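# Structural overview for review
One-letter residues, chain by chain:
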Amino acid sequence: MTQGKRSGGPKTVGGKSRSSKNAISHGLTSMVPSSSNEQTLVDSYSKELIEYYKPESPLEQLQIKRIAICRAKLAHLYELEQVKLLLAAKELESQPEKILEKIPGATGLAMGMAKEFITSGQIHLPCRLSLPLLEAICKEIYQMHGVMENKNQFARALPILTKYLNSYPVVGLDNTSQWMEKLSAISKDIKTTDEMGDKHTGKFEEVIKGYLRSREYEALLEKEAMRPGIEELEKYQEALRIRRGQPPKKVEPLPKVDPDAISDMKAVKECLGRFLTLQKSYERAQKLVVQYQEIKDLMLRALSLQVAESDLLMRYQTTLERRLSSAIGELLALQRSSKS
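Residues numbered from 1 in each chain as written. Predicted model: local features only at pLDDT ≥ 70, side-chain atom pairs only at ≥ 80, totals over all residues. Heavy atoms only, no water.

## A word on the overall build of the protein chain
A count of helical and extended segments in the protein chain gives twelve helices and zero strands. In sequence order, the secondary structure elements of the protein chain are arranged as α-α-α-α-α-α-α-α-α-α-α-α. The contacts of the protein chain with a sequence gap of at least 6 include a subset with a gap of at least 24, amounting to 71%. Of the roughly 23,000 Å² of accessible surface on the protein chain, 55% is carried by carbon and sulfur atoms. (Helix = DSSP H or I, 4+ residues; strand = E, 2+ residues; numbered from the N terminus. Contact = heavy atoms within 4.5 Å. Areas by Shrake-Rupley, 256 points an atom, 1.4 Å probe, with all protein chains shown as cover.)

## Quick notes on the packing of aromatic side chains
The final tally for this structure, using the stated rule, is two aromatic pairs. Taken together, a centroid distance of 4.9 Å and an interplanar angle of 80 degrees make the contact between Tyr52 and Tyr53 edge-to-face. According to the relative accessible area criterion, Tyr53 is partly exposed, its value standing at 23%. Here the aromatic rings of Tyr164 and Tyr168 are separated by 5.7 Å at their centres, their planes lie at 35 degrees, and the arrangement is tilted. The ring of Tyr45 is capped by Arg71, whose NZ or CZ atom sits 4.0 Å from the centre of that ring. (Phe/Tyr/Trp six-rings, centres within 6.5 Å; stacked < 30°, edge-to-face > 60°. Buried < 20%, exposed > 50% of the residue type's maximum accessible area, 1.4 Å probe, protein only. Lys NZ or Arg CZ within 6 Å of the ring centre and 35° of its normal.)

## Some points on helix α12 (residues 307-339)
In this model α12 runs 48 Å from its N-terminal to its C-terminal C-alpha over 33 residues, within 8% of the 48 Å that 1.5 Å per residue would give. Residues of α12 that are buried: Leu313, Tyr316, Leu320, Leu324, Ala327, Leu331 and Gln335. Those residues of α12 hidden inside the fold are in contact with α2 (36-53) and α3 (58-93). (Expected span 1.5 Å × (residues − 1).)

## Quick look at the packing of helix α9 (residues 179-196) against helix α11 (residues 265-301)
At a closest axis distance of 9 Å, the pairing of α9 and α11 adopts a crossing angle of 40 degrees. Accordingly, the angle class assigned to the pair α9 and α11 is oblique. With respect to the hand of their crossing, α9 and α11 are arranged in left-handed fashion. Facing Met180, Leu183, Ser184, Ile186, Ser187, Ile190, Lys191 and Asp194 of α9, the residues of α11 in contact are Val268, Cys271, Leu272, Arg274, Phe275, Thr277, Leu278 and Ser281. For the contact of α9 with α11, a count of residues per class yields nine nonpolar, four polar and three charged. (Axes fitted to C-alpha atoms, helices over the stretch in contact; angles between N-to-C directions. Parallel < 35°, antiparallel > 145°, perpendicular 65-115°, else oblique. Left-handed = near helix turned anticlockwise from the far one by under 90°. Nonpolar A, V, L, I, M, F, W, Y, C, P; charged D, E, K, R; others polar.)

## A word on empty space enclosed by the protein
Taken as a whole, this structure holds one cavity of 30 Å³ or more when the rule is applied. If you add up the space inside the largest cavity, you get close to 40 Å³. Taken together, Leu109, Ile190, Asp194, Arg274, Thr277, Leu278 and Ser281 make up the full set of residues lining the largest cavity. Only α9 and α11 provide two or more residues apiece to the lining of the largest cavity. (1 Å grid on protein atoms, 1.4 Å probe; cavity = no way out; pocket = protein on both sides within 12 Å on 5 of 7 lines; lining within 4 Å. Points joined across faces, edges and corners; volume = space filled by probe spheres on them.)

## Examining the side chain of Ser46
Mapped onto the elements, Ser46 comes out in helix α2. Of the polar contacts made by the side chain of Ser46, one reaches the backbone oxygen of Val42; its length is 2.8 Å. Contacts of Ser46, omitting those with residues within four sequence positions, involve Ile64 and Ala68. (Polar contact = N/O pair within 3.5 Å; in protein donor to acceptor, adjacent residues only side chain to side chain.)

## Things to note about the nonpolar core
Leu129, Phe154, Leu161, Tyr164, Leu183 and Phe275 are the most contacted members of the largest nonpolar core, which totals 42 residues. Looking at this core, the elements that each hand over two or more residues are α4 (96-100), α5 (108-120), α6 (131-143), α8 (159-167), α9 and α11. With eleven residues, the top contributor of residues to this core is α11. Here Phe275 is in contact with Leu129, Leu134, Ile137, Cys138, Ile141, Leu161, Tyr164, Leu183, Ile186 and Ile190, once residues within four sequence places are set aside. (Core = buried A, V, L, I, M, F, W, Y, C linked by side-chain atoms within 4.5 Å.)

## Details of the confidence of the model for the protein chain
The pLDDT averaged across the protein chain works out to 79; a share of 78% of its residues lies at or above 70. Mean pLDDT per element in the protein chain: helix α1 (residues 13-20) is the minimum at 51, and α6 is the maximum at 95. Segment residues 1-7 is flagged for pLDDT under 50; beyond a separation of four residues in sequence, or across chains, it makes zero contacts in the model. Note on residues 18-25: pLDDT under 50 across the span, and five contacts to partners over four residues away in sequence or across chains. (pLDDT = per-residue confidence, 0-100.)

## Details of the pattern of salt bridges
On inspection of all chains with the given rule, the structure shows four salt bridges. Among the ionic pairs, Arg274 bridges to Glu270, the shortest N-O distance being 3.6 Å. Of this pair, Arg274 and Glu270 both sit in helix α11, separated by four residues, roughly a single helical turn. When its relative accessible area of 21% is taken as the criterion, Arg274 is described as partly exposed. (Salt bridge = Lys/Arg side-chain N within 4 Å of Asp/Glu carboxyl O.)

The structure is reproduced here in structure tokens:
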């Protein structure tokens, strides 16, 4: 098997031009300052060395310049390494989900809430709930016992929840009398939040819900505005029927229902369970945030450059240190020679 020809390097003028700049693309291997900051360092080091060694010959002055450039390049190299590590740390911090994925059980709404807290510093609960209010409502639910057949018994057993339901506006429902229907509507909102899982967006999600509620309210107002016209049309159609000798339209009487009775206690308990599930997700999110911080701190302490990049910087450092050592040795030899 014959060995393939070794590359002779770029052949075109453009390729040769690009290749000639490889050594100064980062400024570490070139023997001239590669930036204004580096030039400032070279000037500072040169002044310091000239004041100390007081060079007399051009060769001594040349060695002083070589030493100053090597020192500036090494300072640039150390700064470059720190900047690269800082960028890697920033990238790690900007992607909390990558750290959270390392925590067992970090899933669902708890993970979404944890991400929201890490990025914004707080967790936004749905339906205008605050953490103290949610905790108070859940405490009532856990302590609930006995029979609950009507709204009065519900209000006595769950006064904080009842007050919350009365104050929370739901489009199309009366704030003072339809709070059981409002419980069902709020439960659906909490369920929607839970189903968002790790895609939970917190405050942004509430803004969207607020916009949708406003659209619902506008549609309801339009429907209410059309009601008198619809009723008038129905009356006119009924009058036509009678005029034609047709029998009046039969209206079935509504069944008598106790307005205060709770007709489906199973559905009510399911709605109450949504509050408990929401609280558990919040508590789990708080624990995830603590675990996230612990893992992030460990990962930042163990952060290092990629092997290939680290090796490259190490080779540059070794080359520059050898040049610096050589330049210092030659300067000292020149000064000894001039004195003798």
